[in-house]
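What follows is each chain in one-letter form.
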Amino acid sequence: MEILKVFKQTEALLEGHFLLTSGLHSPNYFQCAKVLQFPNHCENFCKSIAEHFKNDKIDVVISPAVGGIVVGTEVGRILGARTIFAERQDGKMTLRRGFSVSKGENVLVTEDVVTTGGSVFEVMELVRSFGANVAGVGYVVDRSNGKVDFGVKKFSLLQVEVITFKAEDCPLCKQGSEATKPGSRILKK
Ligand code: ZN
């Protein structure tokens, strides 16, 4: 699969035996920013997202900071839509910097990686609090393997299952290898 290949080539997807910040072990590690640092990949992914929502009369593209901003900026450029981002202030997702959404506007929410969709749901709620319409959610990687349901039109480029193990149950540990923190050494592709 082409997209998966790009993720592996750019080391956005590492395969091996990793110790995640949660303390869990995993055979995979994702860092979407590693692939989005290349403008050609970012542009190609965002073209697919924009294409999917091109008939939805998108007025505004909004992303949760920080990971979604690069995706939103490129999708917004392609759609010719105003592009803003939401950020947390005292833990609450909010619009700052003079950004606003008007009643009745069609808004596309963009993100880099969705796992449970928590930040996206908060941005959707924020958009609706202004009386605007959430037309859809476009994102690069779906780590829920497509299970997350936003209740609106959605599109992602890559759907993957997150595989994690508790240290004591980890089959990779049982095979005798040691879990490493991502980035601490380069693994074979
Ligand atoms: Zn392990």
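Look above for the structure.
Residues numbered from 1 in each chain as written. Predicted model: local features only at pLDDT ≥ 70, side-chain atom pairs only at ≥ 80, totals over all residues. Heavy atoms only, no water.

> Explain the overall build of the protein chain residue by residue, including any values.
When you go through the protein chain residue by residue, the secondary structure sums to six helices and eight strands. Across the protein chain, helices and strands are ordered from the amino to the carboxyl terminus as α-β-β-α-α-β-α-β-β-β-α-β-β-α. C-alpha atoms of the protein chain, sized along the principal axes, occupy 60 × 35 × 30 Å. Long-range contacts, defined as pairs at least 24 residues apart, comprise 60% of the intrachain contacts of the protein chain with a sequence gap of at least 6. Here the protein chain has roughly 10,000 Å² of accessible surface; of this, 50% comes from carbon and sulfur atoms. Computed over 24 positive and 21 negative side-chain charges, the inter-centroid distance for the protein chain is 2 Å. (Helix = DSSP H or I, 4+ residues; strand = E, 2+ residues; numbered from the N terminus. Contact = heavy atoms within 4.5 Å. Areas by Shrake-Rupley, 256 points an atom, 1.4 Å probe, with all protein chains shown as cover. Lys, Arg positive; Asp, Glu negative; His and termini not counted. Charge placed at Lys NZ, Arg CZ, Asp CG, Glu CD.)

> Before we move on, could you go through the sheet that holds strand β8 (residues 154-159) and cite the residues and values that matter?
A sheet is described by the order of its strands in space; here six strands give the open sequence β5-β4-β3-β6-β7-β8, paired in mixed fashion. Edge strands, defined here as strands with exactly one partner in the open sheet, are β5 (92-94) and β8. The sheet shows a mean angle of 20 degrees between the axes of neighbouring strands, taken without regard to direction. Pairing analysis gives three bridges linking strand β3 (residues 60-64) to strand β6 (residues 106-114), with the strands arranged parallel. Within the sheet, the bridge partner assigned to Ile62 lies in β6 and is Val109. (Pairing = 2+ DSSP bridges. Axes fitted to C-alpha atoms, helices over the stretch in contact; angles between N-to-C directions.)

> How would you summarise the nonpolar core if you had to cite specific residues and measurements?
Among the nonpolar cores identified, the biggest contains 28 residues, and Phe7, Val35, Phe45, Ile49, Val75, Val140 and Val141 are the most heavily contacted of them. Elements with a contribution of two residues or more to this core: α1 (2-9), α2 (33-36), α3 (39-52), α4 (69-79), β7 (133-142) and β8. Element by element, the count of residues in this core is highest for α3, at five residues. When sequence neighbours within four positions are dropped, the list of residues in contact with Phe45 reads Ile3, Val6, Phe7, Val35, Leu36, Val140 and Leu157. Among the nonpolar cores identified, the runner-up in size contains 22 residues, and Val101, Val109, Val148 and Val152 belong to it. (Core = buried A, V, L, I, M, F, W, Y, C linked by side-chain atoms within 4.5 Å. Buried < 20%, exposed > 50% of the residue type's maximum accessible area, 1.4 Å probe, protein only.)

> Could you give an account of the pattern of salt bridges, with specific residues and numbers?
Per the counting criterion, the structure on display carries 11 salt bridges. The partner of Glu2 in a salt bridge is Lys5, with the nearest N and O atoms 3.9 Å apart. With Glu2 and Lys5 both in helix α1 and three residues apart, the pair spans about one turn of that helix. Residue Lys5 is classed as partly exposed on the basis of its relative accessible area of 45%. We note a salt bridge from Lys54 to Glu51, for which the minimum N-O separation is 2.9 Å. In this structure Lys54 comes out as partly exposed when scored by relative accessible area, which is 48%. Residue classification places Glu51 among the partly exposed positions, given a relative accessible area of 48%. (Salt bridge = Lys/Arg side-chain N within 4 Å of Asp/Glu carboxyl O.)

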